[in-house]
Amino acid sequence: MTWSPETYARFRGFRLRPALDLLAQVGEVPEGDVIDLGCGSGAVAGALATLARPLIGVDMSAEMLAQAPGYDRLVQADIASWQPETPPALIFSNAALHWLGDHATLMPRLAAMLPRTGVLAVQMPGQDAAPSHRLIADTAQALWPNRFPPPPIKVQPAEWYADLLMPFGSVTAWETRYVQHLEPVASGHPVRHFTEGAAMVPWLAVLTTDERGQLIAAYDTALATPYSLRPDGSVLFPFRRVFFVLRRD
């Protein structure tokens, strides 16, 4: 997949707020590196720098890393297989790990990288079953039957992650449903303008230019029912996010 930092950054404020809410629950961390796992274009770098630890950004996208200032070091790597050089003080991941499967293996593997009192802090969208995300798959499958398999629901409830990670230490887990006020757009639906910077990327990546136009037009139409426009053309868009913070014993 090719990521567009500009498209993703259109809603930087909405995407940054959950990261700051997560960071507020991290507390003290031991000596060692702070890893921003799936750092993207570095939206959280400034906030993580306040921890006064060496800050390393890790991401697979060269396009995103090229616009990621504020790190002591950047590493281009697949976050599914990344390994730290030394035990990190904090592994912080904001809206990245939902792209990966097999969380039952992934999260304990990350937890095992931490030293005593080290912290794993994760935030992921929990929108898989919401109309905004479900309609991308439904629309693509209606346009091109049997071409795409049904997408799995990868992100589990917060209590699932708490139960999984409690053997490693103390865990705080929670969910938040943000109501985002999306401003009117010149064309299409405001929710589509939000999702095309992230949730739509894997689908658009495998389509031709003409097919992308077909998907976008049909998806815009489908969004009108669950996300009706307000009189000024804006939309109130509920968005669920799943959080957990593990501190190693």
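Residues numbered from 1 in each chain as written. Predicted model: local features only at pLDDT ≥ 70, side-chain atom pairs only at ≥ 80, totals over all residues. Heavy atoms only, no water.

Visitor: Looking at this structure, I do not really get helix 7 (residues 158-165). What am I missing?
Guide: Spacing of three or four residues puts side chains on the same side of an α-helix, whose turn is 3.6 residues. Listed in full, the buried residues belonging to helix 7 are Ala 158, Tyr 161, Ala 162, Leu 164 and Leu 165. For helix 7, the angular spread of the buried residues around the axis is 165 degrees, confining them to a single face. Seen from the open side of helix 7, the exposed residues pointing more than 90 degrees away from its buried face are Glu 159 and Asp 163. (Buried < 20%, exposed > 50% of the residue type's maximum accessible area, 1.4 Å probe, protein only. Helix = DSSP H or I, 4+ residues; strand = E, 2+ residues; numbered from the N terminus. Arc of directions from axis to C-beta.)

Visitor: Would you take a moment to explain the packing of helix 6 (residues 131-143) against helix 10 (residues 209-223) for this structure?
Guide: Each packed pair of helices is defined by two parameters, the angle between the axes and the distance between the axes. Remark: helix 6 packs on helix 10, axes separated minimally by 9 Å, with the N-to-C direction vectors making an angle of 130 degrees. Relative to helix 10, the element helix 6 is oriented oblique. Here the hand of the crossing between helix 6 and helix 10 comes out right-handed. Contact with helix 6, carried on its side by Ser 132, Leu 135, Ile 136, Thr 139, Ala 140 and Leu 143, involves Gln 214, Leu 215, Ala 218, Tyr 219, Ala 222 and Leu 223 of helix 10 and no other residues of that element. A breakdown of the residues in the contact of helix 6 with helix 10 according to their chemical character gives nine nonpolar, three polar and no charged. (Axes fitted to C-alpha atoms, helices over the stretch in contact; angles between N-to-C directions. Parallel < 35°, antiparallel > 145°, perpendicular 65-115°, else oblique. Left-handed = near helix turned anticlockwise from the far one by under 90°. Contact = heavy atoms within 4.5 Å. Nonpolar A, V, L, I, M, F, W, Y, C, P; charged D, E, K, R; others polar.)

Visitor: Which parts of the structure should I look at to understand the side chain of Gln 127?
Guide: Considering the arrangement of structural elements, one finds Gln 127 in the loop between strand 5 (119-125) and helix 6. Its relative accessible area of 4% is what places Gln 127 among the buried residues. Engagement of the side chain of Gln 127 in a polar contact is seen with the side chain of Ser 132, the distance being 3.0 Å. Within the structure, Gln 127 has its side chain in polar contact with the backbone nitrogen of Arg 240 (distance 3.0 Å). When residues no more than four places from it in sequence are discounted, the contact partners of Gln 127 are Ser 132, His 133, Phe 237, Pro 238, Phe 239 and Arg 240. (Polar contact = N/O pair within 3.5 Å; in protein donor to acceptor, adjacent residues only side chain to side chain.)

Visitor: Whenever I open this one, the sheet that holds strand 7 (residues 235-248) confuses me. Can you help?
Guide: Strand pairing in a sheet takes place through backbone hydrogen bonds and is either antiparallel or parallel in direction. The seven strands are arranged 3-2-1-4-5-7-6 in an open sheet whose pairing can be described as mixed. The sheet terminates laterally at strand 3 (73-76) and strand 6 (169-182), the two strands that pair on one side only. Pairwise comparison of adjacent strand axes, ignoring direction, gives a mean angle of 15 degrees for this sheet. Looking at chain direction, strand 4 (residues 90-94) and strand 5 are connected through five bridges and run parallel. Note that in strand 5 the partner of Asn 94 across the bridge is Gln 123. Helix 5 (residues 103-112) contacts strand 1 (34-37), strand 4, strand 5 and strand 7 of the sheet and is inclined by roughly 150 degrees relative to strand 5. (Pairing = 2+ DSSP bridges.)

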